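Residue strings, one per chain:
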Amino acid sequence: MAMLPASFTLWCDKGGKRYQMRGACSKCILEEQDGQLAESLSIELANMRAAGTYIGSAIDPGDILHLSCDDGDRKGELFHGPIWTQEYRHDSQSLAITCYDPLIYMQNSQDALFFPAGKTTQSIFQTICSRWKVPLHYTYTSISHGKKAWMGNQISDMFLELLKEVRAKSGAAYRMRYENNAFDVAYRGNNSIIYKLCSGENATAASFGRSMENVVTRVLITGKEDKNGNAPVEATLDGQYGYRYGTLQKVQSRDSNTTLAAAKATATQLLWDNRLPKQTYMVDAVDCPFLRKGDLIYNYTGANGGQVKVVVASVAHDLVKDTMSLELET
């Protein structure tokens, strides 16, 4: 792992001109949050001249920003995507800009789609991505699903619904992200380069906590509501640690497109994933710009709770300060 500060380049091509922005950049945060499909880039720029034009008057929402990096070990593109918000601040004569990678269009859009029973996970993903003109690289497990009738659902929610069903059946964790100009759906922790975070070396702060906020010990599966609005309880599933943590119950409604067996499989996975208090690991470290959400890392800190192999749940890279903040999970 390189220990020298990484160098990065930030630019926008528009109207036959290339606007180089690194020299005007005082903030550059590249972030992937748990539960969010698209990666974000937040920057602050002095409103300087670039290619003979003030940056603030040259770029607009929808324009594509590019970010590349060389950290001494690896180099290449870190990000590209449209400007989503842009704010000019008169007092400081600066621009605050937020961009997202191309998955933002599926994260912020709804669609109306129907798939008959028997379609596989990968084929549904491929159909949706083709419809939205997003290249797909799918290497995760694929199963056959029941009928899917989505009317006005968020596209990202469609993906999550499918992958939760796959995980309930396979038990394997997944990750989704934009990588190499494609929507990449793969097994969590499948990265070939595994970074190490070590106290006294590249990790500057670390903490470890446990909480019962996530624990589920019982799931009720309900069926279709009758004319009075009552939904019958079709099944009650208990986890293995109710005696220890008490009754912490979730209700899972089953629609006509989901069999009771499939609903039970999802509930069983929910109970398993949430059977114990959630462990959270927070680490601040020297930046590894190419580290992504879903990557496996080795956590050799004094607050690792006995877990060395952990996965990145969220990450914020500060490319100006050459630091990163991580939330890790087992």
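See the structure printed just above.
What this report covers is the structure whose coordinates are included nearby. (Residues numbered from 1 in each chain as written. Predicted model: local features only at pLDDT ≥ 70, side-chain atom pairs only at ≥ 80, totals over all residues. Heavy atoms only, no water.)

**Quick word on the state of the cysteines**
In total, this model carries zero disulfides according to the counting rule given. The thiol of Cys-12 is unpaired, and the distance to the nearest cysteine sulfur, on Cys-99, comes to 8.7 Å. A disulfide-free cysteine, Cys-69 has its sulfur positioned 9.2 Å from the sulfur of Cys-28, the nearest such atom. Judged by relative accessible area, Cys-69 falls into the buried class, the value being 3%. (Disulfide = S-S within 2.5 Å. Buried < 20%, exposed > 50% of the residue type's maximum accessible area, 1.4 Å probe, protein only.)

**Remarks on the pattern of salt bridges**
For the structure shown, the criterion picks out 18 salt bridges. With a shortest N-O distance of 2.6 Å, Arg-131 and Asp-111 are connected by a salt bridge. A residue pair is termed long-range when its members are at least 10 positions apart, and Arg-131 in helix H3 (residues 121-131) and Asp-111 in strand E10 (residues 110-115) qualify at 20 residues. Here Glu-161 ties to Lys-148 by a salt bridge, and the two come within 2.8 Å at their closest N and O atoms. Within this pair, whereas Glu-161 is found in helix H4 (residues 155-170), its partner Lys-148 is found in strand E12 (residues 148-154), the two being separated by 13 residues in sequence. On the accessibility criterion, Glu-161 (29% relative accessible area) is partly exposed. Taken together, the shared-partner salt bridges connect Arg-175, Arg-177, Glu-179, Asp-184 and Asp-295 into one network. (Salt bridge = Lys/Arg side-chain N within 4 Å of Asp/Glu carboxyl O. Helix = DSSP H or I, 4+ residues; strand = E, 2+ residues; numbered from the N terminus.)

**Some words on the pairing of strand E7 (residues 64-70)**
With five of seven residues buried, E7 is to be regarded as a mostly interior element. Note that strand E1 (residues 7-14) and E7 share six bridges and pair antiparallel. Bridging from a neighbouring strand, Cys-12 pairs with Leu-65 of E7. In this structure, E7 lies alongside strand E8 (residues 75-89), joined through seven bridges in antiparallel fashion. (Pairing = 2+ DSSP bridges.)

**Some words on the sheet that holds strand E18 (residues 233-238)**
What the three strands build is an open sheet, ordered E18-E17-E19; its pairing is mixed. Two strands close off the open sheet at either side, each with one partner strand: E18 and strand E19 (249-253). Along the sheet, successive strands turn relative to each other by an average axial angle of 20°, direction set aside. In this structure, strand E17 (residues 218-222) lies alongside E18, joined through five bridges in antiparallel fashion. When the bridges of E18 are listed, Ile-221 appears paired with Ala-235. (Axes fitted to C-alpha atoms, helices over the stretch in contact; angles between N-to-C directions.)

**Here's the deal with unusual backbone geometry**
Even without a glycine there, the phi angle at Asn-181 is positive, about 65°. Tracing the sequence through the fold places Asn-181 in the loop between strand E13 (174-179) and strand E14 (182-187). The exposure class assigned to Asn-181 is partly exposed, which follows from its relative accessible area of 45%. In this structure, Asp-322 takes a positive phi of about 60° despite not being glycine. For Asp-322, the position within the fold is in the loop between strand E22 (309-318) and strand E23 (323-329). Judged by its relative accessible area of 15%, Asp-322 is buried.

**Things to note about the packing of H3 against H4**
Viewed as axis vectors pointing N to C, H3 and H4 meet at an angle of 170°, and their least axial separation amounts to 11 Å. On the basis of their axis angle, the class for H3 and H4 is roughly antiparallel. Of H4, the residues touching H3 (which contributes Thr-121, Ile-124, Phe-125, Ile-128 and Cys-129) are Ile-155, Met-158, Phe-159, Leu-162, Leu-163 and Val-166. Grouping the amino acids of the contact of H3 with H4 by side-chain chemistry returns 10 nonpolar, one polar and no charged. (Parallel < 35°, antiparallel > 145°, perpendicular 65-115°, else oblique. Contact = heavy atoms within 4.5 Å. Nonpolar A, V, L, I, M, F, W, Y, C, P; charged D, E, K, R; others polar.)

**Some points on helix H6 (residues 260-273)**
A rise of 1.5 Å per residue sets the reference length of H6, with its 14 residues, at 20 Å; its end C-alpha atoms lie 20 Å apart and thus fit the reference within 8%. Residues Ala-263, Ala-267, Gln-269 and Leu-271 constitute the buried set of H6. Residues of H6 that are buried sit in contact with H4, E17, E18 and E19. (Expected span 1.5 Å × (residues − 1).)

**A look at the layout of surface pockets**
The space that makes up the second largest pocket amounts to roughly 460 Å³. Taken together, 22 residues make up the lining of the second largest pocket; nearest its centre are Arg-74, Glu-77, Glu-179, Asn-180 and Arg-292. Within the residue set of the lining of the second largest pocket, elements represented by two or more residues are E8 and E13. Its residues placed into classes, the lining of the second largest pocket shows seven nonpolar, six polar and nine charged. (1 Å grid on protein atoms, 1.4 Å probe; cavity = no way out; pocket = protein on both sides within 12 Å on 5 of 7 lines; lining within 4 Å. Points joined across faces, edges and corners; volume = space filled by probe spheres on them.)

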